[in-house]
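Residues per chain, in single letters:
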Amino acid sequence: MIGFYGGLTAAIVVLSLLVGTGSHAARPAALGEALRAHGVLGPQSRRLAAVVLPVTEGALGVVGVAALTTGHQRLLQSVLAAGAALLGLYALYTRHVLALGRGGPCGCSRRDLPLSRWVTRRAAALAGLAAAGAIIAGAGTVRLSTAELVTLMLAAPSCTALLWTLPAAMHEPAPAPVMTAPAAAHDHPPSNATVHRTTEGVSPRWISPPAP
């Protein structure tokens, strides 16, 4: 068994992969629709990615669970390294989409969650955890005490839930547009919400105003 922190990072990554797989399974068409809305990949690439990514994510999650429960460190190290690459690519992809000024749903949630910098940051954080876990897994075997195992079993799901819901927690639905007289448009400068949507690079439909 790897050490406490190695086990914690590995468990968070594996659980996140399984949660992502469950989200894709609950809404199979969501990822394809999101990729089409992003407008970066061609039709064939979108169809391939919509199938390959959830399958890869699920396979890594299942194998990761097996490696964690059996204490197979080499296998766990391989899973975490592959997970770091997959999550890192997703972080780069979402950053590229936002840099192009294109929005749309993230395709990673069972509800319509807009693509935002928080989605990119979550993917980057998970990629970092996976890379750290892979390094720790190769450092050697450490025997955990009963208290450490119990703490690990409680902390991993809690940390995973907090990290996974971060983009949704930071999202505030944009207020409904208010109809004003044409003359009033010259009396008031653009609101902060408009500036935020522009810097975020996301369509107004999919972005929330900045928190006050």
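Refer to the structure above for everything that follows.
Residues numbered from 1 in each chain as written. Predicted model: local features only at pLDDT ≥ 70, side-chain atom pairs only at ≥ 80, totals over all residues. Heavy atoms only, no water.

## Focus: the overall build of the chain
And step 1. The secondary structure content of the chain amounts to 8 helices and 0 strands.
And step 2. Look at the contacts in the chain between residues 6 or more apart in sequence, and 77% of them connect residues 24 or more apart.
And step 3. A total accessible area of about 11700 Å² is found for the chain, and carbon and sulfur atoms account for 66% of it. (Helix = DSSP H or I, 4+ residues; strand = E, 2+ residues; numbered from the N terminus. Contact = heavy atoms within 4.5 Å. Areas by Shrake-Rupley, 256 points an atom, 1.4 Å probe, with all protein chains shown as cover.)

## A few points about helix α2 (residues 30–38)
And step 1. The complete set of buried residues in α2 reads Ala30, Leu31, Gly32, Ala34, Leu35 and His38.
And step 2. Where α2 is buried, its residues meet α1 (4–26), α3 (43–70) and α4 (73–99).
And step 3. Just beyond α2, the residue with positive phi is Gly39, at close to 65 degrees. (Buried < 20%, exposed > 50% of the residue type's maximum accessible area, 1.4 Å probe, protein only.)

## Some words on the nonpolar core
And step 1. Judged by nonpolar contacts, the single largest core of 24 residues is most densely connected at Leu8, Val13 and Leu80.
And step 2. Within the residue set of this core, elements represented by two or more residues are α1, α3, α4, α5 (117–137) and α6 (146–164).
And step 3. No other element matches the 7 residues that α1 contributes to this core.
And step 4. Dropping the residues within four chain positions of it, Val13 is found in contact with Leu80, Leu87, Leu126, Leu129 and Ala130.
And step 5. With 11 residues, the next largest nonpolar core counts Leu31, Leu35, Ala49 and Val119 among its residues. (Core = buried A, V, L, I, M, F, W, Y, C linked by side-chain atoms within 4.5 Å.)

## Regarding the packing of aromatic side chains
What characterises a pair of aromatic rings is the spacing of the ring centres plus the angle enclosed by the ring planes.
And step 1. The tally for this structure, following the rule as stated, stands at 1 aromatic pair.
And step 2. Taking the centre distance of 5.4 Å and the plane angle of 80 degrees together, the rings of Phe4 and Tyr5 count as edge-to-face.
And step 3. For the cation-ring pair, Arg121 lies above Trp118, with the distance from its terminal atom to the ring centre recorded as 4.8 Å.
And step 4. Residue placement shows Arg122 over the ring face of Trp164; its charged tip is 4.3 Å from the ring centre. (Phe/Tyr/Trp six-rings, centres within 6.5 Å; stacked < 30°, edge-to-face > 60°. Lys NZ or Arg CZ within 6 Å of the ring centre and 35° of its normal.)

## Quick word on a nonpolar patch on the surface
And step 1. Side chains of Leu48, Val51, Val52 and Val55 sit close together on the surface and give an oily, nonpolar patch of about 360 Å² of accessible area.
And step 2. The residue Val55 is located in helix α3 in this model. (Patch = residues over 30% accessible without salt bridge, like charges linked within 9 Å, V, L, I, M, F, W, Y side chains within 5 Å. Salt bridge = Lys/Arg side-chain N within 4 Å of Asp/Glu carboxyl O.)

## A closer look at the side chain of Thr9
And step 1. For Thr9, the location among the structural elements is in helix α1.
And step 2. By relative accessible area, which is 12% here, Thr9 ends up buried.

## A word on the packing of α1 against α3
And step 1. Running from amino to carboxyl end, α1 crosses α3 at an angle of 140 degrees, the nearest separation of the two axes being 8 Å. Taken together, the axes of α1 and α3 are oblique relative to one another. Note on packing geometry: the crossing formed by α1 with α3 is left-handed. Seen from α1, the contacting residues are Ala10, Ala11, Val14, Leu17, Leu18, Gly20, Thr21 and His24; seen from α3, they are Pro54, Glu57, Gly58, Leu60, Gly61, Val62, Gly64, Val65 and Leu68.
And step 2. Taken together, the residues of the contact of α1 with α3 sort by class into 10 nonpolar, 6 polar and 1 charged. (Axes fitted to C-alpha atoms, helices over the stretch in contact; angles between N-to-C directions. Parallel < 35°, antiparallel > 145°, perpendicular 65-115°, else oblique. Left-handed = near helix turned anticlockwise from the far one by under 90°. Nonpolar A, V, L, I, M, F, W, Y, C, P; charged D, E, K, R; others polar.)

## Focus: the environment of Leu18
And step 1. Among the structural elements, Leu18 can be located in helix α1.
And step 2. With a relative accessible area of 31%, Leu18 lands in the partly exposed category.
And step 3. Separated by 41 residues in sequence, Leu18 and Ala59 have C-alpha atoms that sit 8.9 Å apart.
And step 4. Leaving out residues up to four positions away in the same chain, Leu18 has contacts with Gly61, Val62 and Val65.

## A short note on the side chain of Thr160
And step 1. Along the polypeptide, Thr160 turns up in helix α6.
And step 2. There is a polar contact of 2.7 Å between the side chain of Thr160 and the backbone oxygen of Ala156.
And step 3. Those residues in contact with Thr160, other than ones at most four positions away along the chain, are Ala11, Ile12, Leu15 and Ser16. (Polar contact = N/O pair within 3.5 Å; in protein donor to acceptor, adjacent residues only side chain to side chain.)

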